[in-house]
Amino acid sequence: ERRAVTHQIQIMDLYGNELAAYTCDSDDAYHVNTLTATQDGGFLFVLGFSDHAYDQNTWASDNGFASRIIKCDKNGNLQFDTPLDGVEGWALQYCFEKNEKSYFFGTVETPETKRRGISSPSDIYMMILDSAGTVVNTQTIAGSDFDSLDAAEITEAGFVLSISAQSDDGDFIGSQSNGYREDWVFIVNDDLEITGK
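Residue numbers restart at each chain and count upward from 1, following the sequence in its written direction. At least 70 in pLDDT is required for a residue's local features to be given in this predicted model, at least 80 for side-chain atom pairs to be given and counted, and no such filter applies to totals for whole chains, interfaces and linings, which use all residues. Hydrogens and water are ignored here; the side-chain numbers use all heavy atoms of the structure.

Caption draft 1: Summary view of the overall build of the protein. Helix and strand content of the protein: 0 helices and 16 strands. Atoms considered for the radius of gyration are the C-alpha atoms alone. The globule rule reads 2.2 Å times the number of residues to the power 0.38. The C-alpha atoms of the protein give a radius of gyration of 18 Å, which matches the 16 Å a tight globule of 197 residues would have. Seen through its principal axes, the protein has C-alpha atoms that stretch 55 × 50 × 30 Å. Taken over 197 residues, the protein has a buried fraction of 45%. For the protein, the share of sequence-separated contacts (at least 6 apart) that also reach a separation of at least 24 residues comes to 42%. Here, Shrake-Rupley sampling with a 1.4 Å probe gives the accessible areas, and only protein chains in the shown set may cover a residue. Accessible area for the protein stands at about 10,400 Å²; split by element, carbon and sulfur atoms hold 46% of it. In this tally Asp and Glu are treated as negative and Lys and Arg as positive; neither His nor the chain ends contributes. Charge coordinates come from a single atom per side chain, which is NZ of Lys, CZ of Arg, CG of Asp or CD of Glu. Once the 12 positive and 33 negative side-chain charges of the protein are each reduced to a mean point, those two points are 4 Å apart. In this text, helices come from DSSP runs of H or I with a minimum length of four residues, and strands from runs of E with a minimum of two, each type numbered from the N-terminal end. Residue burial is assigned from relative accessible area. The probe radius is 1.4 Å, only protein chains are included, and a residue is buried under 20% of its type maximum, exposed over 50%, and partly exposed in between. When checking whether two residues touch, look at their non-hydrogen atoms; a contact exists if any pair is within 4.5 Å.

Following this line, the structure appears as structure tokens:
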């Protein structure tokens, strides 16, 4: 049975005094991920969906789901609340601010092969939000097997992604992984184009 939960995010000063707070409700399949203080003194977080079974016949994802990216100003006032239909919280694991945009990186189950209750082959998910919370670019780094993001870092030229990939096709062609995990480092630019691997 679905349970309602309330999430509260607070920013405090060094002495524990509250500077800003934001509260929102969801059902228990959503969790606060990727909480980050932003350059304007506010904060951004992901209300990330994570699927689970309620009983033998009912899954949290049965009626659809959308993780949400929520941005508040330094006073805790909502600036945007962007739903991402069908995207789980793991896809939005890392967040960076650059050029007045927010960049997200994570791991997403391949939609074409997704089956409820079964781990699906996965891809690397990359997405850019503008300052109004509008999605301006979404890309994946993909092969046909299980590929996952281990870490993401920001650089002058873009971003460095550390990836574990079982795929030896698609973006991982030439891997000769034979279904075992191989470690890759991908470099993408500020437009999420692959510039090195």
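There is more to say, and it comes next.
Caption draft 2: Inspection of the sheet that holds strand 12 (residues 135-141) at higher detail. The pairing criterion is simple: DSSP has to find at least two bridges between the two strands. One open sheet accounts for 4 strands, arranged 9-10-11-12; its pairing is antiparallel. Two strands bound the open sheet, and with one partner strand each, they are strand 9 (94-98) and strand 12. Going from strand to strand, the sheet's axes swing by 20° on average, the running direction of each strand aside. In terms of strand pairing, strand 9 meets strand 10 (residues 101-109) through 5 bridges, oriented antiparallel. Within strand 10, the position partnered with K98 by the bridge is K101. Helix axes are fitted to C-alpha atoms over the stretch in contact, other axes to C-alpha atoms as well, and angles between N-to-C directions run from 0 to 180 degrees.

Caption draft 3: Molecular detail of the packing of aromatic side chains. The rule is short: rings of Phe, Tyr and Trp, with Trp giving its six-membered ring, pair when the centres are within 6.5 Å, and they are stacked under 30 degrees, edge-to-face over 60, tilted in between. Across all of its chains, the model carries 11 aromatic pairs by this definition. Plain terms: the ring middles of F43 and F45 are 6.5 Å apart, the flat faces sit at 25° to each other, and that makes the pair stacked. Here F105 and F159 contribute two aromatic rings whose centre-to-centre distance is 4.9 Å and whose plane-to-plane angle is 50°, an arrangement assigned as tilted. Note that F105 is positioned in strand 10 and F159 in strand 14 (residues 159-165), a separation of 54 residues in sequence. Judged by its relative accessible area of 0%, F105 falls in the buried class. Given a relative accessible area of 0%, F159 falls into the buried group. Among the aromatic residues, those joined into a ring-pair cluster are F96, Y103, F105 and F159. Placement of a positive charge over a ring is assigned whenever Lys NZ or Arg CZ falls within 6 Å of the ring centre and within 35 degrees of the normal to the ring plane. One cation-aromatic arrangement involves K98 over F159; the distance from NZ or CZ to the ring centre is 5.0 Å.

Caption draft 4: Just the pattern of salt bridges, in detail. What makes a salt bridge here is a side-chain nitrogen of Lys or Arg within 4 Å of a carboxyl oxygen of Asp or Glu, nothing more. The final tally for this structure, using the stated rule, is 4 salt bridges. Close ionic contact of R3 with D28 constitutes a salt bridge, the shortest N to O distance being 3.3 Å. Of this pair, R3 sits in the segment before strand 1 (4-12) while D28 sits in the loop between strand 2 (18-27) and strand 3 (30-37), and the two are 25 residues apart along the sequence. On the basis of relative accessibility, which here comes to 54%, the residue R3 falls in the exposed class.

Remember, this is a structural readout, not a statement about activity or role.
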